[in-house]
Structures are given as C-alpha cells and as structure tokens.
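# Fold and geometry: a report
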Amino acid sequence: MSTEITRLFDFPYYAQKKFNLNKAFVTKYGQDWVATSNEEYIAQANKISRALLRLGVKANDKIAVISSNNRTEWNVMDIGILQVGAQNVPIYPTISKEDYEYVLNHSESVYCFVSDTEIVEKLNQIKGNTQLKEVYTFDEISGEKNWKEVLELGEDNSNQNEVEERKNAVKKDDLATLIYTSGTTGRPKGVMLSHWNIVSNVIASEKRVPLDFGKAIALSFLPVCHIFERMILYLYQYCGVEIHFAESIDQMSDNLKEVRPHVMTAVPRLYEKVFDKIYGRGEELSGIKQKLFYWAIEVALQYEPYKVNGWWYERKLAIARKLIFSKIKAGLGGRLDLMVSGSAALQPRLTRFFAAAEMPIMEGYGLTETSPVLSVNDQRNKGFRIGTVGRVIDGVEVKIAEDGEILAKGPNIMMGYYKDPEKTAEVIKDGYFHTGDKGEICKDGFLKITGRTKEMFKTSGGKYVVPPLLEGELKQSRFIEQVMVVGEGEKMPAAIIQPNFVFIQDWIDRKEHAIGKSCEEIATSQIVIDRIQREVDECNKGFGKWEQIKKFELTPEEWSIDGGQLTPTMKMKRKIIKEIYKDLYERIYRG
C-alpha cells in the first residue's frame, strides 16, 4: 500500500483503503450499539475540520476534549482537530475543577468538547476564568451547545480545499497533542508529543500484535485521555481492528458478553478485580466441584510459559483448562485471546492465572513522555516472560544508568514539557529520557522494573529500602488491595495497608467469623489484623532484616481517585496518602 503514515490523521485513510470496515467504531447509546464505518469516520472528521475553520481555529490553536467514557465522538474530534493543524488537549474527567482551570489556561485552549452533564457542570464553574470561546457537549444537555451544531456547520464542503491545505502543511515532527500527566505531586505537566512520536510508536508496536488483522474485535474502556489507550486506538486502526467502546467499568462484565472481543487493554487494578471475582465464585460451589475449582487455580498459579514445567504439569493444566478455565473464559465472552496491561506493575500471580486460563496478559512498559511503549511481552518467538515487561520494541534504545535508572532514546521520546524548558532539561540529557524508574535488562533482552529512583529511601540507621519491591510482594496477597511502604528517616520500614474489603467480606462469611463486615469494622478487627500479619510475615521472608515491615496499620476506606489517594491512572499519591493517614503514621512511629 502506497499510503505513507507520518501524521496521526493518516491512520483513518490508511485503514479505509486497506480494511474499509463497516464497524470501525461501535458505541452504545441506551440499549443500542451504533456502528460507524471507516468511510463515515472520515466524513465526520472532515465536517469537524471544515467547521473549525469556520469558527476561526488557526494552526497551533489548542482544543480541549473531556469525556467520561470512550466513544466514537472522541475519535472524530481528534482527527478533525489534527487535520487543521490544531492540537488536541485531552483532559482527565475526574480531576478537580481547579485543575480543569489550570490545564485550560496553561494550554490556552480556545474551545472545549465534553461528554456529559457532570463534566459540563464542573466546567461551567470555571470557564469564565479561561480563554474558552465555547463549550460543546456530546450528550444532549438542555441549555448547552451540542457538538452536532459543529457537524452541521461543516456540512457545506466548499472549504474542503482549505482543509487539504492545512493537512498538507502539517509535518510529522509538528506538535500533535498536549497530554497533562496526572502527577503524584504538584501541578500536572503538559507533555508535548509530535505526530511522529506517536506514529512511530504505533508502527513499532504493530510487530507485537498477534491478531487477525481486518477481523479482530477489541473492547476499549481505559481513558483515552491517557496516551496508553489513545495509542492503542491508533494501533487498532492500523491493524484493522473493530473497536467497541465499553459503557463503563461497572458494565464491563455485560459488555464483554455482548461484544465478545478478541483483545482488550486494562490496568492491573481491573485484572485484580476480575481475578477476585473469579476466585469468589468458588465460594458458591460445594463438595467436589469446589475442590476441583480451587485445585485448578492452584495449578494456574504455578504456570510458566513454553511448557518448562514438564509434561505432568501440562497434563494437569489441560484438565484444568477443559473443566474449569473454559467456563471462565466463556463468561468473559469466549474469544478473549489477548489482554494487555500497562500503567503499573502487574502481579505475577495474575499473569500466571490468566495465561493458564488461555487469556494471556502481555505486560508492557512506558510513560506518557515515551508515547508510551518502550517494551512489551509477546507470546510468539519466546517473547513472553513472567515478571518482566518484555523486550524493547524496534527503533528504541534502552540502557541502564550506573545508578540503575532506565534511560530511553528514540523517535517516540517527547518534544518536551510545554512552557517548561527547565523541567525538560532535567529529564532529557544527551538525547536520553530519564524515566525515574529503576530496572535491569536480562541477558536475553527482557526488561525488568525494580523500582522508582525517587521512591527509594534511607532509614535513620542509614539502610536503603526500595518500597515498590516490598509493595509488589505484599500485593500478591488476596487480603491486601493497596499498600504503601513508609519509613524515610525513621528507625524501621512500616506499611499503610488498604485491605481488600470485598475479598475479606467473603472470607468472613466462609470462615464464619463473628465480626462486622463494614470497612471500619474490618480495618479494626484483630482477627483481620492477625491474618494480614501472617501475610506480612510471609513477605518479609524474602527480604533482609533492615527491609522487613515491622509494623503496619489498616485504612478504614478504599483508596480512590475521588478520595485523593490515587491518580487517574491508579498510581499512588504517596505524599497525599501520608498526609491523609498521618494519624496512622504517627501511631506506627510515635504510638
């Protein structure tokens, strides 16, 4: 195919010529799944481009898009904006109105497109403090301008030649998007990504996609405002994958059964929830069925790829797959042959379980600043290793600095932080982006993440502790959902733990413990504390005495984005967590 892809808006045209799908995007409105073909997608994007020109949008203007869910409209807007040489500024829907105001002003956005009532109500409180000329909504909302007005403005194609001129003027190294990182501290930074930053990443990542191009179906629900899912959507278009948008995380189970996808992407938190739900099904069984169910799970948790466990293990695995895992897979649609995980470390037990159940999770690694993929696992050609984030993709160089930090160089490295050359210079040195993550490269090329450079601390005794290593081990426990290791400058490491309330509630029923099942009652129950102490003791066996968790406290509520403990990409806000639970911290060290 002669169509050369150098800019993001080249993907739809390539996909139309090569695959011409009748269902390029499918979004559910009410009870109906509504499909948009490749041809309709391009036609609508051109309408948006023509309308934006009539609204006076100039090259390099910024247009913000805020959506609570992934949907066809987001993608149409994306291409429509990019084709006129403007930049798409996606904003996390869950951040505060103050952060909305900051991002809109810092980016100097002139228009904003939003999905629903909740967002527009928050936006209306601060839009008077911004440069926004107008706000349009995707949903029909009384008293608000709707995006269909923009589509109608673009119906007249008499200025399409001007759209083509704008498209031709866009070069591959031009700025395409500003993505404001959620950040664990301070104000978000605007990551500048060019067209080629992302396009090169899509083209390199395609070699790790083991799907039937032109025929595969995907379910998308991770926020498209984050570069991970956004790049994946471009990748799906490049591979001719039919994209269905999940309604919400709460509807995921129903949507999986309706769509029956071959592939989906998620963060570890979701895979943990799915696993816990599957594990909980065993409680509904009895007798031999229950024993067989838990036996199958134990077999799965010993899984290693490429039959290295030997013929007897493979025999047991075949039985477990036929009797148990085939039913679990059927409950998730029956065709889910590939899942991808990013954003945070994936627990090895989850990797083992889902691979054993023939729904393998391929873990990858990258950052917003790297567009995002640096490495990813691939089952083919022995490219899958549990506990690693796979081999580095083509065209990207990764090396480990003397202090263990992962450094990366390649066409996918960001242009810099918007309006912040000082912070840019701090992370890009001699052409290498300093990730802030520590890692190692195995002799056969697999990259392993070992921690964060800024998260390592010293105790008052001068001993170094690497929290992510301890946290990763502790989170292997089904009793522990979130954990933050503390102890900088203190005499010993300790942990603030959010129990897995859902699992523990089931455990209470199963064991018939006479304790309450509210989050507060669980967090203060000595029975639960003693049980989690056993999990901590087991974890400590793998660490030196100076690293071991000597004390812990349980939090009485779930950590969440709204609660302030987690970023929109489910990373811990360490300073904020420490502040929220300062009474628990004080009890550990001063109590």
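Our subject is the structure listed above.
Residues numbered from 1 in each chain as written. Predicted model: local features only at pLDDT ≥ 70, side-chain atom pairs only at ≥ 80, totals over all residues. Heavy atoms only, no water.

## Some thoughts on the nonpolar core
Counting 152 residues, the largest nonpolar core has Met-264, Phe-325, Phe-354 and Ile-532 as the members making the most contacts within it. At 10 residues, the largest contribution of residues to this core is made by helix H9 (residues 227-239). Not counting residues within four places of it along the chain, the set of residues in contact with Phe-325 comprises Ala-296, Ile-297, Ala-300, Leu-317, Ala-320, Phe-353, Ala-356 and Ala-357. Leu-123, Leu-132, Leu-178 and Tyr-418 belong to the second-largest nonpolar core, a separate cluster that totals 24 residues. (Core = buried A, V, L, I, M, F, W, Y, C linked by side-chain atoms within 4.5 Å. Buried < 20%, exposed > 50% of the residue type's maximum accessible area, 1.4 Å probe, protein only. Helix = DSSP H or I, 4+ residues; strand = E, 2+ residues; numbered from the N terminus. Contact = heavy atoms within 4.5 Å.)

## Notes on the side chain of Asn-46
Along the polypeptide, Asn-46 turns up in helix H2 (residues 38-54). For Asn-46, the side chain forms a polar contact with the side chain of Gln-160, separated by 3.3 Å. Once residues within four sequence positions are removed from consideration, Asn-46 is found in contact with Tyr-13, Gln-83, Gln-160 and Val-163. (Polar contact = N/O pair within 3.5 Å; in protein donor to acceptor, adjacent residues only side chain to side chain.)

## Describing the sheet that holds strand E14 (residues 361-366)
With mixed pairing, nine strands are arranged side by side in an open sheet as E2-E1-E11-E10-E12-E13-E14-E15-E16. The open sheet terminates on both sides in strands that have one partner only, identified here as strand E2 (32-36) and strand E16 (391-392). Across three bridges, strand E13 (residues 338-341) lies against E14 in parallel orientation. Among the inter-strand pairings, Ser-341 is bridged to a residue of E14, identified as Glu-363. (Pairing = 2+ DSSP bridges.)

## Thoughts on unusual backbone geometry
A negative phi angle is the norm for most residues apart from glycine, just as the trans form is the norm for most peptide bonds. Between Ser-371 and the following residue, Pro-372, the backbone shows a cis peptide bond with an omega angle of -10°. The topology assignment puts Pro-372 in the loop between E14 and strand E15 (373-376). The phi dihedral of Lys-307 is positive, around 55°, even though this residue is not glycine. Structurally, Lys-307 can be placed in the loop between helix H12 (287-300) and helix H13 (311-331). Among the residues examined, Lys-307 registers a relative accessible area of 62% and is labelled exposed. Positive phi values are uncommon outside glycine, yet Asn-381 reaches one of about 55°. The residue Asn-381 is located in the loop between E15 and E16 in this model.

## Some details on a nonpolar patch on the surface
Together, Leu-292, Trp-295, Ile-319 and Leu-323 give the surface a local cluster of nonpolar side chains, amounting to about 290 Å² of exposed area. Elements that contribute at least two residues to the nonpolar patch include exactly H12 and H13. Of note, Leu-323 is situated in helix H13. Overall, Leu-323 belongs to the partly exposed group, its relative accessible area being 37%. (Patch = residues over 30% accessible without salt bridge, like charges linked within 9 Å, V, L, I, M, F, W, Y side chains within 5 Å. Areas by Shrake-Rupley, 256 points an atom, 1.4 Å probe, with all protein chains shown as cover. Salt bridge = Lys/Arg side-chain N within 4 Å of Asp/Glu carboxyl O.)

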